[in-house]
Amino acid sequence: MSLLILFFPLPLQAQPQLERIPLTLELLQERLHNPILREGNLTVDLRQMTIDLRSENASFSDEFYQILRKELQKAGTKSLGLDLSNSLIQGDFIGSDLGVRTTIYSQAISPTFSPTEQEQIEGLRSVCLESLGMGLPSSKDCRSLLRSQANLSSDISVFRGTLTMQQTRFNGAVQFANTFFLQPIDAQGAIFNQDVNLAETRFSRAVNFNTTTFRREVQLGSSIFFEKADFKQAQFQEAAYFQDCIFEDSTNFTQATFRQLAKFSRARWRKNADFSQIRFAGQSQFTRSSFNQFLLFTETTFEQSVTFREASFQLPVTLRSASILNLADFSDANFAQSAYLNVSGLGFNSNQAKILGNPGEIGKVLVVSGLQGNQNVLRNLVQNFRSLQQITDINQLEYTKQQLRLIEFSRQLFGTNINSVSEKRLIDLGFSNSQVEAIVKYRQEEPFRNRSELLALPDIDFETYIQVSDRIIVSKPLLLGGWLLTAWSWLALSLLLLLSGYGTQVWLVFGVGVIAIAFFGLIYWLIDRFRRLHPVAIIPNYYETCWIFGSFCIFNLIGLLAIFRNSEQPWLTLTCLLIIILPIPITLIIRLYKIGRFHNQMDVSYFTEDGTLRQLRLLIGRLPVIPRNQAFRDRYMPILWDRRWNWLNYYDFSLNNLLRLGFNDIRLRDEYLPGIISSLAWYQWSLGVLYITLLLWTLSRTIPGLNLLIYLK
């Protein structure tokens, strides 16, 4: 039988349980007089013991606290720690009774503590002062420190030594409320079977609750963590309250499980907060919380509602590959300029779950890393905002999607295809000779299917991959026809994004139109009024010149304001607009003045107006030149140069040409008209066709009643 046990050991569940020694007062005295050295600190060794603190053992319980408190509270250069690892605590454990009970006065810290300890406690004052920016602190000690009256003070229990509770099992409630821990706490693997009260507790050093199990309610409200707090793989089987907590250092809740309510309302994180791979089975509340650094929810599952109402984010929030199964509420959340929600790979079904946020704002902060793998994410987000009738956010997501498409087109046109690029080009990109050889050998056997396959090569390190990933693509080589088609798609999409935000910014389109109308109006005035200097000068008067240039500046200012207020890349938008409206008209004007004008009716305007009717008209089918018919020549009369308001006619003609809207039906005459002037008018008329199409398309996307398809699923 013994041989069988030797060769076939018992499974883990069948192995004998850890033997614990019952703690007696004599054994307690012995351990107190013979502390062990643990990580450089003298520690009372109460490991692997059964400590009975139940009410029926009240005499031992009273002596236990009295004796242990006396030793732990002794003043000295080095404090005495307590190690309860692998022990079983029966009955309620009132840990706050083991600390030094002291009063924190607003004028000075109690002199019973060493200078180092006083400095640690003094750090509480700084944290309390910082918290004033979010509101008046609710904890008694903070209120005491921030007030000047000496009689306003707060009693607090100061635990001076280290506290180790690795694999400790607490069968009763644990009470550490209003306690200041000056040294680290290590409770890795501990099991708390009853309620845990750590409300208004201050952790001056690192806290380790990795793999800890909380089977009942946990109270950590208004606590302060001065250094790193680890709750990795912790199990919260009932409600966990972290409201009003302050985390001065990084926080790690990776792979933890919250089976019921997780309340982090009004909590403040100064450093990174990692909630990756967590399962929130119950509601989670982050209402009015503040995050100064990165917030990570990578691969986290929210089975019930999660609330971020009025939360503040200073840096990006990562929801990569997370799952939202119920409701995520970001209403009235404040995102700094550098903050956004990374929803790449987000698991989200718009038919079952909802994402809420302020209309016109939430769509701007939703970001995905690329179009590949996120098409379904964007589609579900669009469906979500359709059901909420948030048209602005739908358009913003569409704009984001098209921006990603533009990036893909750019990579296809100008990126380096890893499957066909030469070895010399690979070296120029930053690969070493050995890395180039590995790439060539790999693609000879089979082509790369995605960029991440480069990391599978042993010679490719992650730093090199990050350096070159934005400059390489993985696809079949483009033929000339395919390249030209992709280039055309890239150009058209670029124009739509720059000039209209892909149909999401009506005021941007109006701003572009105002500048174009003003520019062509000035050009028409110039070629019509400034004809020659000799032998008889045909030039405008000073009054008309001042008005035309003054109005030109005003119109351009209006257009520039609209562009810079509504475009994400205003300088690129302005450059694109100038490329469209400047080169051809300027070339034609230079050519016109270079060859001169020698024709009849030099002292008559090229522009004519319909003399039979004067009204505001929508001239959809109007052409810029009157027909070659005598009836039209009799009907259309030259505009009057001697009128003080004559300069308005040129803007009217420009408005007619671009927007098909005007006060008079102004056209060019059909005879004695230089072909260059006619070409200039036809060029603007052609641009007008494209501009009206762009304007109507943008209006249909931004005004709900103009596009019924936007409500169809």
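Everything below is about the structure shown above.
Predicted model, so just to flag it, every value in this text is computed and none were measured.

## Describing the nonpolar core
One broad trend across soluble globular proteins is that nonpolar side chains are buried collectively.
Right, so step 1: By size, the foremost hydrophobic cluster in this structure holds 98 residues, and its most contacted members are Phe64, Phe93, Phe242, Phe258, Phe275, Phe313 and Phe330.
Right, so step 2: Mapped by element, the contributors of at least two residues to this core are α2 (25–33), β4 (49–52), α3 (58–72), α6 (375–387) and α7 (391–414).
Right, so step 3: With 6 residues, α3 is the single largest residue contributor to this core.
Right, so step 4: Setting aside its immediate chain neighbours within four residues, phenylalanine 64 contacts Leu23, Leu25, Leu28, Leu46, Ile51, Leu53 and Phe93.
Right, so step 5: Within the second largest apolar cluster, 53 residues are counted, among which are Ile523, Ile538, Phe552 and Tyr651.

## Observations concerning the packing of helix α12 (residues 506–529) against helix α13 (residues 542–566)
Right, so step 1: Between α12 and α13, whose axes approach to 7 Å, the crossing angle comes to 160°. By the angle between their directions, the pair α12 and α13 is classed as roughly antiparallel. As α12 runs across α13, the sense of the crossing is left-handed. Side by side, α12 and α13 meet where Trp507, Leu508, Gly511, Val512, Val514, Ile515, Ala518, Phe519, Leu522, Trp525 and Arg529 of the first sit next to Glu544, Thr545, Ile548, Phe549, Phe552, Phe555, Asn556, Gly559, Leu560, Ala562, Ile563 and Asn566 of the second.
Right, so step 2: Among the residues forming the contact of α12 with α13, the class breakdown is 16 nonpolar, 5 polar and 2 charged.

## What to know about a nonpolar patch on the surface
Right, so step 1: On the surface, a cluster of nonpolar side chains totalling about 530 Å² of accessible area is made up of Phe414, Leu478, Leu480, Trp483 and Leu484.
Right, so step 2: Examining the composition of the nonpolar patch, we find that 3 residues originate from one element, helix α11 (residues 480–500), more than from any other.
Right, so step 3: You can call tryptophan 483 partly exposed: its relative accessible area is 34%.

## Description of the packing of aromatic side chains
Working definition: an aromatic ring pair is given by the centre-to-centre distance plus the angle between the planes.
Right, so step 1: Summed over all chains, the structure comprises 63 aromatic pairs.
Right, so step 2: Aromatic pair phenylalanine 181 and phenylalanine 203: ring centres 5.6 Å apart, planes at 5°, arrangement stacked. Here the residue phenylalanine 181 occupies a position in strand β13 (residues 179–181), and phenylalanine 203 occupies one in strand β17 (residues 202–203), the gap between them amounting to 22 residues. Exposure class is identical for phenylalanine 181 and phenylalanine 203. Each is buried.
Right, so step 3: Ring centres of phenylalanine 225 and phenylalanine 231 lie 6.3 Å apart, and the angle between their planes is 75°; this geometry places the pair in the edge-to-face category. The same class applies to phenylalanine 225 and to phenylalanine 231, which are both buried.
Right, so step 4: Its end group placed over the ring of tyrosine 593, arginine 597 keeps NZ or CZ at 5.2 Å from the ring centre.
Right, so step 5: Note that arginine 644 overlies the ring of tyrosine 543, its terminal NZ or CZ placed 3.8 Å from the centroid.

## Considerations on the side chain of threonine 201
Right, so step 1: With respect to the secondary-structure elements, threonine 201 resides in the loop between β16 (196–197) and β17.
Right, so step 2: Here the side chain of threonine 201 touches phenylalanine 176 through a polar contact of 2.9 Å, landing on its backbone oxygen.
Right, so step 3: Here the side chain of threonine 201 touches leucine 198 through a polar contact of 2.7 Å, landing on its backbone oxygen.
Right, so step 4: Contact partners of threonine 201, with chain neighbours within four places excluded, come to Phe176, Ala177, Asn178, Thr179, Phe181, Ser223 and Ile224.

## Some thoughts on the sheet that holds strand β48 (residues 607–610)
Right, so step 1: Strand order in the open sheet formed by 3 strands is β50-β48-β52, with antiparallel pairing between adjacent strands. Of all the strands in the sheet, the pair left with one neighbour each is β50 (636–638) and β52 (666–668). Pairs of neighbouring strands in the sheet enclose a mean axial angle of 40°, with direction left out of account.
Right, so step 2: Contacts between helix α17 (residues 647–659) and the sheet are confined to β48 and β52, with β52 contributing the most and set at about 85° to the helix.

## A word on unusual backbone geometry
Right, so step 1: Positive phi is not limited to glycine here, since threonine 211 has a value of about 55°.
Right, so step 2: Classification of threonine 211 as partly exposed rests on a relative accessible area of 31%.
Right, so step 3: Within the chain, aspartate 332 stands out as a residue other than glycine whose phi angle is a positive 60°.
Right, so step 4: Within the secondary structure layout, aspartate 332 lies in the loop between β40 (327–329) and β41 (334–335).
Right, so step 5: A relative accessible area of 49% means that aspartate 332 is categorised as partly exposed.

Definitions and cut-offs
Residues numbered from 1 in each chain as written. Predicted model: local features only at pLDDT ≥ 70, side-chain atom pairs only at ≥ 80, totals over all residues. Heavy atoms only, no water. Core = buried A, V, L, I, M, F, W, Y, C linked by side-chain atoms within 4.5 Å. Buried < 20%, exposed > 50% of the residue type's maximum accessible area, 1.4 Å probe, protein only. Helix = DSSP H or I, 4+ residues; strand = E, 2+ residues; numbered from the N terminus. Contact = heavy atoms within 4.5 Å. Axes fitted to C-alpha atoms, helices over the stretch in contact; angles between N-to-C directions. Parallel < 35°, antiparallel > 145°, perpendicular 65-115°, else oblique. Left-handed = near helix turned anticlockwise from the far one by under 90°. Nonpolar A, V, L, I, M, F, W, Y, C, P; charged D, E, K, R; others polar. Patch = residues over 30% accessible without salt bridge, like charges linked within 9 Å, V, L, I, M, F, W, Y side chains within 5 Å. Areas by Shrake-Rupley, 256 points an atom, 1.4 Å probe, with all protein chains shown as cover. Salt bridge = Lys/Arg side-chain N within 4 Å of Asp/Glu carboxyl O. Phe/Tyr/Trp six-rings, centres within 6.5 Å; stacked < 30°, edge-to-face > 60°. Lys NZ or Arg CZ within 6 Å of the ring centre and 35° of its normal. Polar contact = N/O pair within 3.5 Å; in protein donor to acceptor, adjacent residues only side chain to side chain. Pairing = 2+ DSSP bridges.

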